[in-house]
Amino acid sequence: MDQEELASVVTRRTGEGHDIKSVMLQCAAEERGLDVTRLSSRVVLVDAGAAEPLVFYNLNGPSSSQGGKYLCDAKHLTRRLLGEQGFAVTASRLLSADDADQAWEFASSLDAPAVVKPNNLSRGKGVTTGITGEESFRAAWERARSCHPNRRRTPELLVEEQFTGDDYRFFVVLGETPTVFATLRRRSSVVGDGERTVEALVKRKNRRRSRNPYLGTYPIPTEPTELDLLRASGRDMTYVPEPDERVFLRSVSNLSSGGDSVDYTDRVHAGFRDIVIEAVRTIPGMRYAGVDIIAPSVRAAPTPYNHIISEVEYSPAPITHFPWYGQSRDMAGTVLEYYLAQR
């Protein structure tokens, strides 16, 4: 099916309460003429003609182990594994949320602004960047602590040195010939036309986002308190950007925070492809995963100093299927083909 038809099917099925990752896997299997049985909103069985069907939870099948999930979810353990293998990672410290004083002592010793984040949450929940003073640090610490879903135990939080650059998500499937898709996760922004205010531009962009099966779930916030970069620039929602002037709104680049997904697959230097492939190989129990890299650019050759791996994602969102800009990449189909090749 073409992109428009696929978007329609995905929108209908997610509207019925099914998770978008499992829906994409279901569509990929149906495209290949395979029988699919849905057991729940997230679990599907795919009959691939073998003794037993393939079972998927979202996009994760038999080659995504529970051990691998634990390692990916515990960001400090991922960072330790990668660092021991010589990958570029940032300085960080994992501490109990009760150890705010010790955390601030570490943060104040860094040579760059600090980042505070929960250790095992996703989609930018509780993340604060650009922290330079104690007051802002303690506010960020409390924000990360308060967003933790388990109120019965004290959460662990990460403090890390901020690395300046853009946020890239690589999706890697190992297999006989590894596949790599790359997406720039551009911070939430609007582009001016010389007539509309930021508020009007945000509303217009959100109307367009609403037609995207993935991004439509995550509109750009219109509450001014959520738009930290806009406030930091001294502007507000009444500002009228010049034609083609891009105004960044939020510091967190997650697509769930209103960011844009821009396909970068054909623009990535081969050295970065090699890095993300080896990063997935470093995580035991994982044959495919998302790898997040922060870098000023991934078009130039990587060095030990021009990038970091920020994390490895066990169950990455299907952002390559419906990019804001650029070519669609069949993430679910690539996962399914990996399993079919094993049969």
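This structure is a prediction, so every number in the text was calculated from the model and none was measured.

Scoring rules and cut-offs
- Residues numbered from 1 in each chain as written.
- Predicted model: local features only at pLDDT ≥ 70, side-chain atom pairs only at ≥ 80, totals over all residues.
- Heavy atoms only, no water.
- Buried < 20%, exposed > 50% of the residue type's maximum accessible area, 1.4 Å probe, protein only.
- Helix = DSSP H or I, 4+ residues; strand = E, 2+ residues; numbered from the N terminus.
- Pairing = 2+ DSSP bridges.
- Contact = heavy atoms within 4.5 Å.
- Arc of directions from axis to C-beta.
- Axes fitted to C-alpha atoms, helices over the stretch in contact; angles between N-to-C directions.
- Core = buried A, V, L, I, M, F, W, Y, C linked by side-chain atoms within 4.5 Å.

**Student:** Sorry, what's going on with the pairing of strand β14 (residues 308–313) here?
**Tutor:** Remember that side chains alternate between the two faces of the sheet whenever the strand is regular. Among the six residues of β14, six are classified as buried, and the element is accordingly described as predominantly covered. Relative to β14, strand β13 (residues 288–295) runs antiparallel, the two being bridged by five bridges. Of the residues in β14, the one forming a bridge with Val 291 is Val 312.

**Student:** Hey, could you run me through helix α4 (residues 75–84) in this one?
**Tutor:** In an α-helix, one full turn covers 3.6 residues, which means residues spaced three or four apart are oriented alike. Among all positions in α4, only Lys 75, Leu 77, Thr 78, Arg 79 and Leu 82 are buried. On its buried face, α4 sits against α3 (66–73), β4 (92–96), β5 (114–118), β7 (156–161), α9 (270–282) and β14. Phi for Gly 86, located one or two positions after α4, is positive at around 90 degrees.

**Student:** Just checking my understanding: could you explain α3 for this structure?
**Tutor:** All of the buried residues along α3 are Gly 68, Leu 71 and Cys 72. End-on view of α3: buried residues confined to an arc of 95 degrees, all on one side of the axis. Exposed residues on α3 whose side chains face more than 90 degrees from its buried face are Gln 66 and Tyr 70. Taken together, the buried residues of α3 touch α4 and β14.

**Student:** When you look at the environment of Ala 74 in this model, what are you seeing that I'm missing?
**Tutor:** Note on placement: Ala 74 falls in the loop between α3 and α4. Taking the C-alpha atoms as reference points, Ala 74 and Val 312, separated by 238 residues in sequence, lie 9.7 Å from one another.

**Student:** Can you walk me through the environment of Gly 216 in this structure?
**Tutor:** Tracing the backbone through its elements, the reader meets Gly 216 in the loop between α7 (198–209) and α8 (228–232). For Gly 216, a relative accessible area of 30% puts it in the partly exposed group. A C-alpha to C-alpha distance of 9.8 Å links Gly 216 and Thr 11, two positions 205 residues apart in sequence. When near neighbours in sequence (up to four residues on either side) are disregarded, Gly 216 contacts Arg 209 and Ser 210.

**Student:** Explain the sheet that holds strand β3 (residues 54–57) here, please?
**Tutor:** Two strands in a sheet stick together by hydrogen bonds in their backbones, pointing the same way (parallel) or opposite ways (antiparallel). Read from one edge to the other, the open sheet built from three strands follows the order β1-β2-β3, with strand pairing classed as antiparallel. Both outer strands of the open sheet, β1 (35–38) and β3, are each paired with one neighbouring strand and no more. Here the strands of the sheet are splayed against their neighbours by 25 degrees on average, with no regard to which way each runs. Here β1 pairs with strand β2 (residues 43–47) via four bridges, running antiparallel.

**Student:** What exactly am I supposed to notice about the sheet that holds β7 here?
**Tutor:** Sheet architecture is open: four strands sit in the order β4-β7-β5-β6, paired in antiparallel fashion. Either end of the sheet is taken by a strand with one partner, and the two such strands are β4 and β6 (128–131). Across the sheet, the axes of successive neighbouring strands diverge by a mean angle of 20 degrees, strand direction being ignored. Of the strand pairs in this sheet, β4 and β7 are connected by five bridges, and their pairing is antiparallel. Note on β7: the bridge partner recorded for Leu 95 is Leu 157. Along the sheet, helix α5 (residues 100–108) makes contact with β4, β5 and β7, crossing β4 at roughly 170 degrees. Relative to β5, helix α6 (residues 134–146) is tilted by about 15 degrees, and along the sheet it contacts β4, β5, β6 and β7.

**Student:** How should I be thinking about the nonpolar core in this particular structure?
**Tutor:** In summary, soluble globular proteins display a tendency toward joint burial of nonpolar side chains. Within the largest apolar cluster, 35 residues are counted, with the highest numbers of intra-cluster contacts made by Val 10, Val 46, Phe 56, Tyr 214, Tyr 288 and Leu 336. Secondary-structure elements contributing two or more residues to this core are α1 (3–15), α2 (20–31), β2, β3, β8 (166–173) and α10 (331–341). The leading source of residues in this core is α2, at seven residues. Within the second largest apolar cluster, 32 residues are counted, among which are Cys 72, Leu 82, Val 172 and Tyr 264.

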